[in-house]
Amino acid sequence: MSRALQTWQGSCHCGAVRFEIDSDFPELTTCDCSICRRRNALMVKVHESRFRLLAGAEQLRSYRFHTHTAVHHFCGVCGIYPFHRKRVTPDWYGINVHCLEGFDPAGIPVRATVGAGMP
Ligand SMILES: [Zn+2]
């Protein structure tokens, strides 16, 4: 059960990083890779054309590991992970849905993706 395509605003905890996405939330994903496990990420996948960084480009830090293709962003002030650029599909973002203002994930199917086994 997906929702209508809507614009959602998101931010890190301190508010330095603010962004906007358009999504109809066909599904949410979790991932068992070494970083998603640690940050307990619940994500929605959004194409870069449906992602807009509104504020905080100068606060945003990035972290890369393993193949260095995925770019994991976090706020340099409060440390929260708001989104990352995906590895297999680098023109897509994984968005931390818990950073979206007023978003309720109830009722949206959650798919567990396998990151740990990727070469
Ligand atoms: Zn912050």
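See the structure above.
Quick summary incoming for the structure in this document. (Residues numbered from 1 in each chain as written. Predicted model: local features only at pLDDT ≥ 70, side-chain atom pairs only at ≥ 80, totals over all residues. Heavy atoms only, no water.)

1. Some details on the packing of aromatic side chains
Centre-to-centre distance and the angle between the planes together describe a pair of aromatic rings. Here the structure, examined in full by the defined rule, presents 9 aromatic pairs. Considering the side-chain rings of tryptophan 8 and phenylalanine 103, the 5.2 Å spacing of their centres and the 85° angle between planes classify their relative orientation as edge-to-face. A residue pair is termed long-range when its members are at least 10 positions apart, and tryptophan 8 in strand β1 (residues 6–11) and phenylalanine 103 in the loop between β9 (92–96) and β10 (110–113) qualify at 95 residues. Given a relative accessible area of 11%, phenylalanine 103 falls into the buried group. Taken together, a centroid distance of 4.7 Å and an interplanar angle of 70° make the contact between phenylalanine 51 and phenylalanine 83 edge-to-face. Of the two residues, phenylalanine 51 sits in strand β5 (residues 51–55) while phenylalanine 83 sits in strand β8 (residues 83–85), which places them 32 residues apart along the sequence. (Phe/Tyr/Trp six-rings, centres within 6.5 Å; stacked < 30°, edge-to-face > 60°. Helix = DSSP H or I, 4+ residues; strand = E, 2+ residues; numbered from the N terminus. Buried < 20%, exposed > 50% of the residue type's maximum accessible area, 1.4 Å probe, protein only.)

2. Let's talk about the nonpolar core
It is characteristic of soluble globular proteins that their nonpolar side chains tend to be buried jointly. Ranked by size, the top nonpolar core spans 22 residues in total, and within it Ile21, Phe25, Ile95 and Leu100 carry the most contacts. Leave out the neighbours within four places in its chain, and leucine 100 touches Trp8, Gln9, Gly10, Phe19, Ile21, Phe25 and Ile95. Grouped together as the second largest cluster of nonpolar side chains are 7 residues, Cys31, Cys33, Ala41 and Met43 included. (Core = buried A, V, L, I, M, F, W, Y, C linked by side-chain atoms within 4.5 Å. Contact = heavy atoms within 4.5 Å.)

3. Observations regarding the coordination of the zinc ion
For the zinc ion, the full set of protein donor atoms is Cys12 (SG), Cys14 (SG), Cys75 (SG) and Cys78 (SG), and the range of their distances to it is 2.2 to 2.4 Å. Taken together, the 4 donor atoms surrounding the zinc ion define angles of 105 to 116° at the centre, an arrangement classified as tetrahedral. (Donors = N, O, S within 2.8 Å, 3.2 Å for Na, K, Ca; no water. Tetrahedral: all angles 85-135°; square planar, octahedral: opposite > 155°, others 65-115°.)

4. With respect to the sheet that holds β5
Ordered by their spatial adjacency, 3 strands build an open sheet running β1-β2-β5, and the pairing between neighbours is antiparallel. Either end of the sheet is taken by a strand with one partner, and the two such strands are β1 and β5. Here the strands of the sheet are splayed against their neighbours by 25° on average, with no regard to which way each runs. Inspection of the sheet shows strand β2 (residues 18–23) paired to β5 by 4 bridges, in the antiparallel sense. Bridge assignment links isoleucine 21 to a residue of β5, and that residue is phenylalanine 51. (Pairing = 2+ DSSP bridges. Axes fitted to C-alpha atoms, helices over the stretch in contact; angles between N-to-C directions.)

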